[in-house]
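Structural overview
Listed below are the residues making up each chain.
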Amino acid sequence: MAPSKKSKKTVESMNSRIKLVMKSGKAILGYKQGLKSLRTGKSKLVLIASNCPPLRKSEVEYLAMLAKTQVHHYSGDNTELGAACGKLFNCSVMTILDAGDSDILSKQE
């Protein structure tokens, strides 16, 4: 079953927003550093890959709820999230500190 045209378009727009954040804003890749930024209250948005382990996902969601931070469940797996960030490695958690020129914080699907 092929993905519908609308879902593919939203994934592409999310990827372009992530690329813009990596270029013009500030973002942290990784679980441990993401938890640190959530505890200090610096994070604005947390992206979690679809194949992130359930225990890790619930821990990030819990800390984000305490920090009053938005959580976005990225539709792709950790390899696709790493590629969207322009990195050659997997990334299951991405934390955005400053959106830069991107509108990723205002327009959440």
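Position numbers for residues count from 1 along each chain, tracking the sequence in the order it is written. pLDDT decides what is reported in this predicted model: residues at 70 or higher carry local features, side-chain atom pairs at 80 or more are listed and counted, and totals for whole chains, interfaces and linings draw on all residues regardless. Just so you know, side-chain values use all the structure's heavy atoms and leave hydrogens and water out.

**Here we look at the packing of aromatic side chains**
This is how the line gets drawn: We call Phe, Tyr and Trp rings a pair once their centres come within 6.5 Å, taking the six-membered ring for Trp, and we label the pair stacked below 30 degrees between planes, edge-to-face above 60, and tilted otherwise. Both a distance and an angle decide whether a charge sits over a ring: NZ of Lys or CZ of Arg must be within 6 Å of the ring centre and within 35 degrees of the ring normal.
By the definition in use, this model includes 0 aromatic pairs. One cation-aromatic arrangement involves Arg56 over Tyr31; the distance from NZ or CZ to the ring centre is 4.2 Å.

**Quick look at the pattern of salt bridges**
Stated precisely, the cut-off is as follows: The salt bridge definition used is simple: a Lys or Arg side-chain nitrogen within 4 Å of an Asp or Glu carboxyl oxygen. Under the DSSP-based scheme used, a helix requires at least four consecutive residues in state H or I and a strand at least two consecutive residues in state E, with every element numbered from the N terminus. Only protein chains enter the area calculation, which uses a 1.4 Å probe; residues under 20% of their type maximum are buried, those over 50% are exposed, and those in between are partly exposed.
Across all of its chains, the model carries 1 salt bridge by this definition. Where Asp103 meets Arg17, a salt bridge forms, and the shortest distance between an N and an O atom there is 3.3 Å. Here Asp103, found in the segment after β4 (93-98), pairs with Arg17, found in helix α1 (residues 5-24); they are 86 residues apart in sequence, far enough to count as distant. What makes Asp103 partly exposed here is its relative accessible area of 29%.

**Focus on the side chain of Asn78**
Operational definition: Every residue pair with non-hydrogen atoms within 4.5 Å of one another is taken to be in contact.
In this fold, Asn78 is placed in helix α4 (residues 78-84). Among the residues examined, Asn78 registers a relative accessible area of 18% and is labelled buried. In this structure, Asn78 is in contact with Ala49, Asn51, Asn90, Cys91 and Ser92, ignoring residues within four places of it in sequence.

**Section: the nonpolar core**
The cut-off we apply is this: In these notes, a set of buried Ala, Val, Leu, Ile, Met, Phe, Trp, Tyr and Cys residues joined through side-chain atoms within 4.5 Å is what counts as a nonpolar core.
Grouped together as the largest cluster of nonpolar side chains are 15 residues, with contacts concentrated most on Ile18, Leu47, Tyr74, Leu81, Met94, Ile96 and Ile104. Looking at which element gives the most residues to this core, the answer is α1, with 3 residues. Ignoring any residue separated from it by four or fewer positions in sequence, one finds Ile18 in contact with Leu47, Tyr74, Leu81, Ala84, Cys85, Met94 and Ile104. Counting residues in each nonpolar core, the second largest holds 10 residues, with Tyr31, Leu38, Cys52 and Val60 among its members.

**Focus: the packing of helix α2 (residues 31-40) against helix α3 (residues 54-66)**
Note the following rule: A fitted line through C-alpha atoms represents every axis, and for helices the fit uses only the stretch in contact; the resulting angles, taken between N-to-C directions, go from 0 to 180 degrees. Geometric relationships in this document are graded by angle, where less than 35 degrees denotes roughly parallel, more than 145 denotes roughly antiparallel, 65 to 115 denotes roughly perpendicular, and other angles denote oblique. Note on convention: the crossing is left-handed when the near helix lies turned anticlockwise from the far helix by less than a right angle, right-handed when the turn is clockwise. The residue classification treats Ala, Val, Leu, Ile, Met, Phe, Trp, Tyr, Cys and Pro as nonpolar and Asp, Glu, Lys and Arg as charged. All others, Gly included, are polar.
Contact geometry of α2 with α3 gives a least axis separation of 9 Å together with a crossing angle of 20°. In terms of axis orientation, α2 runs roughly parallel to α3. Crossing geometry of α2 relative to α3 is assigned as left-handed. Of the residues in α3, those touching α2 at Tyr31, Leu35, Leu38 and Arg39 are Arg56, Glu59, Val60, Leu63 and Ala64. Here the residues of the contact of α2 with α3 sort into 6 nonpolar, no polar and 3 charged.

**A few points about the side chain of Ser92**
Assignment of secondary structure puts Ser92 in the loop between α4 and β4. Beyond its immediate chain neighbours, meaning those up to four positions away, Ser92 contacts Leu47, Ile48, Ala49, Cys52, Arg56, Asn78 and Leu81.

**Examining unusual backbone geometry**
Of note in the backbone geometry, Lys68 takes a positive phi value of approximately 55° without being a glycine. Among the structural elements, Lys68 can be located in the loop between α3 and β3 (70-73). Looking at Lys68, the relative accessible area reads 79%, which means it is exposed.

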